[in-house]
Amino acid sequence: MSSSFQTDTRGVLVPCAECSTVNRIPYNRLGQRGRCASCQKPLPGLAAPVEITSIDAFAGLIGQPNLPVVVDFWAEWCGPCKMMAPEFAKAAAQTAGQAIFAKLNTEVVPEVGQRLRIQGIPAFILFHHGKEKDRSSGFQPAQQLLAWAASALAGAAAE
Ligand SMILES: [Zn+2]
C-alpha cells in the first residue's frame, strides 16, 4: 500500500497492487473504479494522500467533477504540519472513494498558496466542483478534520 500517490499534469499515478504497473487515472475519471491497463485487475482506491507537485496538477485535481478534495497546505519547516501528517493520512484512509485528501508543499508550489492567500500553515481548504467551499487551519485530529469537511460539504449541498 502506498503511503501517498504521486500526480502529473494529467492525473493521479496509481501502482497496481497485483503487477506493480503504474496506471495514470485522469483527473476527470477519479471516483470511478479503474482497472490496471496491464493485468486488468481493479486498481486500489485512493486510501492515502495525493501529492500535488505542480499548478497543473492542482487545477486538474480540484477541477474534476466527481469527488470533493481537501488540500493540506504544509511545509518541511512547520512542526504542526508534521504532527498533522499521520492524522491527514488517517482521514484519507477513512474516506477512500468518497473524497480525495491531497497535500501541497507550499515551498514546492508556492503560487497556489499565494493565490489563495494562505496565511498560516497547516491550512486546509475543501474544494468541490472546482470551487472553495470552506477552509480550516491548525493541527487537528483526523476525526475533527473529517467532521469539518462533512459539515462544509453539507452546507455546500444546501446552497
Ligand atoms: Zn496490474
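Here's a quick rundown of the structure. Not measured: the values here are computed from a predicted model.

Rules behind the numbers
Residues numbered from 1 in each chain as written. Predicted model: local features only at pLDDT ≥ 70, side-chain atom pairs only at ≥ 80, totals over all residues. Heavy atoms only, no water. Disulfide = S-S within 2.5 Å. Buried < 20%, exposed > 50% of the residue type's maximum accessible area, 1.4 Å probe, protein only. Core = buried A, V, L, I, M, F, W, Y, C linked by side-chain atoms within 4.5 Å. Helix = DSSP H or I, 4+ residues; strand = E, 2+ residues; numbered from the N terminus. Contact = heavy atoms within 4.5 Å. Phe/Tyr/Trp six-rings, centres within 6.5 Å; stacked < 30°, edge-to-face > 60°. Lys NZ or Arg CZ within 6 Å of the ring centre and 35° of its normal.

**Focus: the state of the cysteines**
Thought 1: In this structure the tally under the stated criterion is 1 disulfide.
Thought 2: Through a disulfide, C78 is tied to C81; the S-S separation comes to 2.2 Å. Residues C78 and C81 are joined by a disulfide whose S-S torsion is about 80 degrees; by sign, that bridge is right-handed. This pair shows no difference in class: C78 is buried, exactly as C81 is.

**Remarks on the nonpolar core**
Thought 1: Core analysis: the largest hydrophobic core is formed by 31 residues, its most contacted members being V12, F58, L61, V71 and F73.
Thought 2: At the level of elements, strand 2 (11–15), strand 4 (50–52), helix 1 (55–63), strand 5 (69–74), strand 6 (100–105) and strand 7 (123–128) are the ones that each hand at least two residues to this core.
Thought 3: Take this core: its biggest share by element is 4 residues, from helix 1.
Thought 4: If near-sequence neighbours (up to four positions away) are discounted, L61 is found in contact with V12, Y27, L30, V50, I52, V69, I100 and A102.
Thought 5: Of all hydrophobic cores here, the second largest spans 15 residues; its members include A92, F101, A142 and A149.

**Quick look at the packing of aromatic side chains**
Thought 1: Applying the stated criterion to the full structure yields 3 aromatic pairs.
Thought 2: Consider the rings of F58 and F127, whose centres lie 5.6 Å apart with planes at 85 degrees: the pair is edge-to-face. Taken together, the positions of F58 in helix 1 and F127 in strand 7 put the pair 69 residues apart, joining distant regions of the chain.
Thought 3: Measuring from centroid to centroid gives 5.2 Å for F88 and F101, while their planes differ by 70 degrees, and the two rings are edge-to-face. On the criterion of sequence distance, the pair formed by F88 in helix 2 (residues 79–94) and F101 in strand 6 is long-range, its members being 13 residues apart.
Thought 4: Residue classification places F101 among the buried residues on the basis of a relative accessible area of 3%.
Thought 5: Over the face of the ring belonging to W74 we find K103, whose NZ or CZ atom lies 5.1 Å from the ring centre.

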